[in-house]
Amino acid sequence: MQQRTIEYLIIILIILYISVFILGLSFINPTGYMSGDSFNYLRLSGRILEGYGFFLPSNGREDAVDRWFAIWPVGYPVLISGVSWIFGVSTFLASKILNIFLLSSAILGLYIVLGRKGLIASFILLTASTLRNYTMTWSEAPFLTTLIILCLYLGKILNGDFRVNNRNLLILFLLLILPFLFRYIGLFVVAPTFLIAIYLFFQGRKKESILILLAIFFVLAFSLIYLANNFYLTGYATG
């Protein structure tokens, strides 16, 4: 009990540390730890809040008033606009609050699944390069958090701790599609998941294997429709 209390205290201190670190640097640094990509994310977030959906002003180019946001997926701006709407803050501050939540979620996920070993492993997220990704308003933040949670979830399935059934099939679908919605390259997650499905099939867990393959099918279908829509509206699959 005492050991568990100490671990909880460490987690609280870590979350306080990353909150002060991310918010402090973001407001002290002249750039706000923003890049060109960051401003585009915030532009779309603002447009979503204003009711314009996933379209940005084209500044008169190609005789169009608005253009479809396709160079990056819309997942990250949608989350930013959601946090901004919930807390009533600017999209800039919302992006930093969101990244604090995402980093905290990754740490908590590792601890919940792996216990003290997971807590120790989570310290890698506090190293300079990784912490910088979460301080910047970059889609790498939700992308990395989603990958960590997906790996933990697939590990539980592989070890038999979780059983894939009709009820949690939606959870698996969301964990597989979210990396794509944050970064197009995220579609690669279907490859290792497919290998797990094949492994489960030969282990006699055929129903679970089929359900995983079904989730993969819907992920691929959704992704292809998304890319086809990009191509239809912009002339390019990724804008």
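Residues numbered from 1 in each chain as written. Predicted model: local features only at pLDDT ≥ 70, side-chain atom pairs only at ≥ 80, totals over all residues. Heavy atoms only, no water.

Describing a nonpolar patch on the surface
Side chains of Phe 194, Leu 195, Ile 198, Phe 201, Phe 202 and Leu 213 sit close together on the surface and give an oily, nonpolar patch of about 580 Å² of accessible area. With five residues, the single largest contributor to the nonpolar patch is helix α9 (residues 190–202). Relative to the helices and strands, Leu 213 resides in helix α10 (residues 206–234). (Patch = residues over 30% accessible without salt bridge, like charges linked within 9 Å, V, L, I, M, F, W, Y side chains within 5 Å. Areas by Shrake-Rupley, 256 points an atom, 1.4 Å probe, with all protein chains shown as cover. Salt bridge = Lys/Arg side-chain N within 4 Å of Asp/Glu carboxyl O. Helix = DSSP H or I, 4+ residues; strand = E, 2+ residues; numbered from the N terminus.)

Re the packing of aromatic side chains
The full count for this structure, using the stated rule, is 15 aromatic pairs. Aromatic side chains Phe 27 and Phe 92 sit 5.6 Å apart centroid to centroid with 90 degrees between the ring planes, which places their arrangement in the edge-to-face category. Of this pair, Phe 27 sits in helix α1 (residues 2–28) while Phe 92 sits in helix α4 (residues 91–114); the two residues are 65 residues apart in sequence, bridging distant segments of the chain. Residue Phe 27 is classed as exposed on the basis of its relative accessible area, which comes to 52%. Ring geometry for Phe 54 and Trp 68: centres 5.8 Å apart, planes at 85 degrees, overall edge-to-face. Of this pair, Phe 54 sits in the loop between α2 (36–49) and β1 (55–57) while Trp 68 sits in strand β2 (residues 66–68), and the two are 14 residues apart along the sequence. For Trp 68, a relative accessible area of 17% corresponds to the buried category. A network of ring pairs unites the aromatic residues Tyr 41, Phe 69, Trp 72 and Tyr 76 as a single cluster. Above the ring of Tyr 52, the side-chain terminus of Arg 47 is found at 3.9 Å from the ring centroid. (Phe/Tyr/Trp six-rings, centres within 6.5 Å; stacked < 30°, edge-to-face > 60°. Buried < 20%, exposed > 50% of the residue type's maximum accessible area, 1.4 Å probe, protein only. Lys NZ or Arg CZ within 6 Å of the ring centre and 35° of its normal.)

Re the side chain of Thr 146
With respect to the element layout, Thr 146 can be found in helix α7 (residues 140–159). Setting aside chain neighbours within four positions, we find Thr 146 in contact with Leu 175, Leu 178, Pro 179 and Phe 182. (Contact = heavy atoms within 4.5 Å.)

Things to note about the environment of Leu 150
Its place among the elements puts Leu 150 in helix α7. With 25 residues separating them along the chain, Leu 150 and Leu 175 place their C-alpha atoms 5.8 Å apart. Among residues more than four places away in sequence, those in contact with Leu 150 are Leu 175, Leu 176 and Val 189.

Topic: the side chain of Ser 84
Take Ser 84: it is sitting in helix α3 (residues 75–87). Take Ser 84: its relative accessible area is 5%, and that puts it in the buried class. Contacts of Ser 84, omitting those with residues within four sequence positions, involve Leu 49, Val 89, Ser 90, Thr 91 and Ala 94.

The quantities given are spatial measurements derived from coordinates; they are silent on function.
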